[in-house]
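These are the residues of each chain, in order.
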Amino acid sequence: MNVSRWLARRRMAALTKAVYDSALTEDDEPPEPSVARLLPGGTTVAALIVVVILITAVGVWRHAEAREHSQALAQSSSEREESEAAAVATGPSPSAPASAGERTDAVVVYVSGAVASPGVLTLPAYSRVIDAITAAGGATPEADLESINLARILVDGEQIRVGVVGESPPVASEAGTPAGTCVRLATATEAELQTLPGIGPALAQRIISYRATHPRLSTVEELDDVPGIGPSLIEKIRPGVCG
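Only a predicted model underlies this, so the values are computations on that prediction, with no experimental measurement involved.

How each quantity is defined
- Residues numbered from 1 in each chain as written.
- Predicted model: local features only at pLDDT ≥ 70, side-chain atom pairs only at ≥ 80, totals over all residues.
- Heavy atoms only, no water.
- Helix = DSSP H or I, 4+ residues; strand = E, 2+ residues; numbered from the N terminus.
- Contact = heavy atoms within 4.5 Å.
- Areas by Shrake-Rupley, 256 points an atom, 1.4 Å probe, with all protein chains shown as cover.
- Patch = residues over 30% accessible without salt bridge, like charges linked within 9 Å, V, L, I, M, F, W, Y side chains within 5 Å.
- Salt bridge = Lys/Arg side-chain N within 4 Å of Asp/Glu carboxyl O.
- pLDDT = per-residue confidence, 0-100.
- Core = buried A, V, L, I, M, F, W, Y, C linked by side-chain atoms within 4.5 Å.
- Buried < 20%, exposed > 50% of the residue type's maximum accessible area, 1.4 Å probe, protein only.
- Expected span 1.5 Å × (residues − 1).
- Arc of directions from axis to C-beta.
- Pairing = 2+ DSSP bridges.
- Axes fitted to C-alpha atoms, helices over the stretch in contact; angles between N-to-C directions.

**Q** Would you explain the overall build of the protein chain in this entry?
**A** In terms of helices and strands, the protein chain carries 6 helices and 3 strands. Relative to all contacts within the protein chain whose residues are 6 or more apart in sequence, the contacts with residues 24 or more apart total 43%. In the form shown here, the protein chain has an accessible surface area of approximately 17,300 Å², with 59% of it arising from carbon and sulfur atoms.

**Q** Mind showing me how you'd approach a nonpolar patch on the surface here?
**A** Residues Val 45, Ile 49 and Ile 53 make up a contiguous nonpolar surface patch of about 260 Å² in total accessible area. Assignment of secondary structure puts Val 45 in helix 2 (residues 42–90).

**Q** Where do I start with the confidence of the model for the protein chain in this structure?
**A** Any segment with low pLDDT has predicted coordinates that should not be analysed in fine detail. Summing up the model confidence of the protein chain, the mean pLDDT is 75 and the portion of residues at 70 or higher is 68%. Long-range and interchain partners of residues 170–180, a stretch whose pLDDT sits below 50, account for 18 contacts in this model, where long-range means more than four residues apart.

**Q** Help me understand the nonpolar core in this model?
**A** Side chains that are nonpolar tend, in soluble globular proteins, to be buried together. Within the largest apolar cluster, 20 residues are counted, with the highest numbers of intra-cluster contacts made by Leu 193, Ile 199, Ile 207, Leu 223 and Ile 229. Those elements that place two or more of their residues in this core are helix 5 (201–213) and helix 6 (231–237). In this structure Ile 207 touches Leu 193, Ile 199, Leu 217, Leu 223, Val 226 and Ile 229, once residues within four positions along its chain are discounted. Ranked by size, the runner-up nonpolar core spans 16 residues in total, among them Val 111, Ala 114, Ala 132 and Ile 160.

**Q** Help me understand helix 5, please; the structure alone is not making it clear to me.
**A** Because each turn of an α-helix spans 3.6 residues, side chains separated by three or four positions end up pointing in the same direction. Taking 1.5 Å per residue as the helical rise, helix 5 with its 13 residues ought to reach 18 Å, and the 19 Å between its terminal C-alpha atoms agrees with that figure. What helix 5 keeps buried is the set Leu 203, Ala 204, Ile 207, Ile 208, Tyr 210 and Arg 211. Along helix 5, the residues classed as buried sweep out an arc of 165° about the axis, all on the same side. Facing away from the buried side of helix 5, by more than 90 degrees, are the exposed residues Pro 201 and Thr 213.

**Q** Even after reading the chapter, I still don't get the environment of Leu 193, so can you show me in this structure?
**A** Within the secondary structure, Leu 193 is located in helix 4 (residues 190–193). For Leu 193, a relative accessible area of 0% translates into the label buried. For the pair Leu 193 and Ile 237, spaced 44 residues apart in sequence, the C-alpha to C-alpha distance is 9.8 Å.

**Q** Quick question: what am I supposed to make of the sheet that holds strand 3 (residues 159–162) here?
**A** Note: strands within a sheet are paired through backbone hydrogen bonds, in either parallel or antiparallel orientation. The strand order across the open sheet built from 3 strands is 2-1-3, with neighbouring strands paired in mixed fashion. Strand pairing shows two members of the sheet lacking a second neighbour, strand 2 (119–124) and strand 3, which therefore form its edges. Each adjacent strand pair in this sheet contributes to an overall mean axis angle of 30°, direction not counted. In this sheet, strand 3 lies alongside strand 1 (residues 106–113) in parallel orientation, the contact comprising 4 bridges. Opposite Val 111, over in strand 3, you have Ile 160 as the bridge partner.

This is how it looks when you write it as structure tokens:
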């Protein structure tokens, strides 16, 4: 009896196992690990591509900006060097006096006497007597240039008369000025100033030097500022000065 039961249990167990094995399918088996699961998804790959593109674009832009900046610096340096070279090549005008600076005024003078082309001339400001004589065609062979201060700065409106060698000075009146004439302090030459009583070469030159900084000299009282001229001398020369 016990043996029969044991055999029945064995058969039942074998039958149950056979039914269980036949019921199992491939879908019921646990999935095996796949290599694909280790790879990133499509969204992640797209994001990585965008990041790489942005990094590349920023690098290209910064490189281009640095290159343009370097080119601009090089061009600016080249232009500055060319400008300095042009300034050195041009240099200051040799004909302009150093004290003239940027002044562009002109003076009008009358050159007469022993010159090739006497007349009224317009010259740059701060020109000198020698410039006026040269502009008038130059002195003639018989001209007496020793009696003229060729280095004196011109005054607008003055007359420069070039005498001839051996020429007698004009006949003077009691006041010391040529008869029937007077001396204009603003335009008188050194020789004309010496026709005034008490005015010799030294004082005449001082008056001309003072007039260079006071071109509107017109009254005899202003000569009181000239060294060597005082009230008594002013009264002596007053009759010969044009009012």
